[in-house]
Amino acid sequence: MNPRTPRRPILAIAKSILAAGCIAALALSGGCGKEASGPPGSGPTKVRIGYLGLTCEAAMFAAYENGYYKEEGLDVEFVKTDWDSLRDGLGLGRFDANYHLIMYLLKPIEKGLDVKLTGGIHSGCLRLQAGAKSDIKSVADMKGKRIGVPTALGSPPFLFSSRVLKAAGMDPAKDVEWVAMAPDVLGLALDNGQIDAVCDAEPIGTILLSQNKVRTIADSAVDEPYNGEYCCAVVVSGNLARKDPATAAKVTRALLKGAAWVDLNPTAAAKLSVEKKYVASSVEVNAQAISKLKYTPGVARCRESVLLASKEMKEIGLLGSTTDPTELAKNAWQDLDGVTDEWLKGLKIEKVAGGGPPPPMAPDRLAALFASAKDFRFMCDNCESGGDLCGQ
């Protein structure tokens, strides 16, 4: 499949979300997926993992190259795909696992998408920023303003900012005007006065800051309670979770161990992803992007993140009026044997010489670095919503 995801209009996003219920219905009635496990004694269990070629997928690549899947008795096949095919393929059992954005999955799960979240991978990459020339100094000042959204409503930056506005006593549907546009024109739109603020993900936020175009009003990596929540979590097909939970647990453990390795070795992870051709980027660019995320794998905190996201999405009207957010979170999550925080605490991760965090970079140099990465598709949050940073 073409690794680039074309930019999609808001209507297409809405249609894909609504279609998730129909797709899930097919999966629940039998679907077309095959069980991951082979017969007893037949050798390693074959597992298909869908991937997009993004920086934030470093943990799944590290798990493969470091042999973590093999340690769990798995024979992994990576299948490159696009966002819609990945999500829908997981629901139908065409893929067995990936890790995905929690807030992006909850609405489709509400509609019947047949997947389960099983463990947290990373957190912290979303921002709400005011134009530097605007009079916005706090979240309360956002009332009545126009907020630029990367590509379409429904993206993680939009969901995060809606939660921030709601927490400040505003109605995100009525008290602000959302303006969807391509990520690479957000700065120009601020300059031209078309919008007053932006919601975005890293590294867009850092780039706009380095260009003196914005000031940060809310940051998911810093501000409570968002700084304690997971952005991406391991997701397995419902078919695998029901019929072979032992294999689901093996995949989850391998991915969580991969995340722990990336946390300790971000530069090495960036190099691995580029040199093994999982990601089209330079090592320097990839290392800076990975350093913007917090790879701290966890189980209990991720389960709590799913519940909190469900409750806040309900409060701001992004879930159905009859949906019980507690039940939705319960349905979205599955505990697995051997996948615990206690197990994570006992992991021994190798530290690669020279593989730690990249050296700090001046904002202007960082902006120039990302601007020159013509083939670099940055992170889940932007690519998920149909955009990329090429030419940013």
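Read on for a plain summary of the structure. (Residues numbered from 1 in each chain as written. Predicted model: local features only at pLDDT ≥ 70, side-chain atom pairs only at ≥ 80, totals over all residues. Heavy atoms only, no water.)

### Thoughts on the packing of helix H5 (residues 102-110) against helix H13 (residues 300-315)
The cut-off we apply is this: Axes here refer to lines fitted to C-alpha atoms; in helices the fit is confined to the stretch in contact. Angles between the N-to-C directions go from 0 to 180 degrees. Helix numbering and strand numbering both begin at the N terminus, where a helix is a DSSP run of H or I of at least 4 residues and a strand a DSSP run of E of at least 2. Helix crossings get a hand from a simple test, with the near helix turned counterclockwise from the far one by less than a right angle marking a left-handed crossing and a clockwise turn marking a right-handed one. Throughout, a residue-residue contact means that at least one pair of heavy atoms, one from each residue, lies within 4.5 Å. In this count, Pro and Cys sit with the nonpolar residues alongside Ala, Val, Leu, Ile, Met, Phe, Trp and Tyr, while Asp, Glu, Lys and Arg are called charged and the others, Gly among them, polar.
Here H5 crosses H13 at 65 degrees, and the two axes come no closer than 10 Å. As H5 packs across H13, the resulting crossing turns out to be right-handed. Along its contact with H5, which presents Ile 102, Met 103, Leu 106 and Lys 107, the element H13 presents Cys 302, Ser 305, Val 306, Ala 309, Ser 310 and Met 313. For the contact of H5 with H13, the residue count by class is seven nonpolar, two polar and one charged.

### A few points about H13
Here is the rule we go by: Here the expected span of a helix is defined as 1.5 Å times the quantity of residues minus one.
Its 16 residues place the ends of H13 23 Å apart at the C-alpha level, agreeing with the 22 Å of an ideal helix rising 1.5 Å per residue. Looking at the packing, one finds that the buried side of H13 touches H5, strand E4 (115-122), helix H6 (156-167), strand E10 (232-237) and helix H14 (325-332). Once H13 finishes, Gly 317 follows within two positions and takes phi at roughly 80 degrees, a positive value.

### Quick notes on the sheet that holds strand E8 (residues 197-201)
Keep this limit in mind: Being paired, for any two strands, means DSSP has found at least two bridges between them.
Taken in spatial order, the five strands line up as E7-E6-E8-E5-E9 in an open sheet, and their pairing is mixed. Strand pairing shows two members of the sheet lacking a second neighbour, strand E7 (177-181) and strand E9 (214-219), which therefore form its edges. Each adjacent strand pair in this sheet contributes to an overall mean axis angle of 30 degrees, direction not counted. Two strands pair when backbone bridges link them, and strand E5 (residues 126-131) and E8 are joined in this way by five bridges, in the antiparallel orientation.

### So, the nonpolar core
Nonpolar side chains in soluble globular proteins tend to be buried together. Just so we agree on the cut-off: Working definition of a nonpolar core: buried Ala, Val, Leu, Ile, Met, Phe, Trp, Tyr and Cys residues. They are joined through side-chain atoms within 4.5 Å. When accessible area is computed with a 1.4 Å probe and restricted to protein chains, residues below 20% of their type maximum are described as buried, those above 50% as exposed, and intermediate ones as partly exposed.
Ranked by internal contacts, the top residues of the largest apolar core, which has 101 residues, are Tyr 69, Met 142 and Tyr 295. Tallying contributions element by element places helix H10 (residues 245-264) first for this core, with ten residues. Residues contacting Tyr 69, with those up to four places away along its chain left out, are Ile 49, Met 60, Ala 63, Tyr 64, Leu 74, Val 76, Phe 78, Ala 254 and Leu 255. Counting ten residues, the second-largest nonpolar core is a separate cluster that includes Leu 186, Val 198, Ile 204 and Leu 208.

### Thoughts on the side chain of Glu 72
Summarising the element assignment, Glu 72 is placed in the loop between helix H3 (68-71) and strand E2 (74-80). With sequence-adjacent residues up to four places away left out, Glu 72 is seen in contact with Lys 250, Arg 253 and Ala 254.

### Observations concerning the packing of aromatic side chains
We apply this condition: In this analysis, rings of Phe, Tyr and Trp, with Trp reduced to its six-membered ring, are considered paired at centre separations within 6.5 Å, and the interplanar angle assigns stacked below 30 degrees, edge-to-face beyond 60, and tilted for intermediate values.
Counted under the stated rule, the structure contains eleven aromatic pairs. Ring geometry for Tyr 51 versus Phe 78: centroids 5.6 Å apart, planes at 65 degrees, classification edge-to-face. With Tyr 51 in strand E1 (residues 45-51) and Phe 78 in strand E2, this residue pair connects regions lying 27 residues apart in the sequence. For Tyr 51, a relative accessible area of 11% puts it in the buried group. With a centroid separation of 6.3 Å and 75 degrees between ring planes, the pair formed by Tyr 69 and Phe 78 is classed as edge-to-face.

### Looking at the environment of Pro 156
Tracing the chain through its elements places Pro 156 in helix H6. When its relative accessible area of 2% is taken as the criterion, Pro 156 is described as buried. Along the chain, Pro 156 and Tyr 104 lie 52 residues apart, while their C-alpha atoms are 6.6 Å from each other.

### Comments concerning the environment of Ser 281
Mapping Ser 281 onto the fold places it in the loop between helix H11 (266-275) and helix H12 (283-290). In this structure the C-alpha to C-alpha distance between Ser 281 and Lys 271, which are ten residues apart in sequence, comes to 9.7 Å.

### Regarding the pattern of salt bridges
Put simply, the rule reads: By salt bridge we mean one thing: a side-chain nitrogen of Lys or Arg within 4 Å of a carboxyl oxygen of Asp or Glu.
All told, the structure shown has 14 salt bridges when counted by the stated rule. One salt bridge connects Asp 196 with Arg 146, and the closest N-O pair in it is separated by 3.2 Å. Taken together, the residues span a long stretch of sequence, with Asp 196 in the loop between helix H7 (186-191) and E8 and Arg 146 in strand E6 (residues 146-150) at a distance of 50 residues. Through salt bridges with shared partners, a single ionic network connects Arg 163, Glu 229 and Glu 312.

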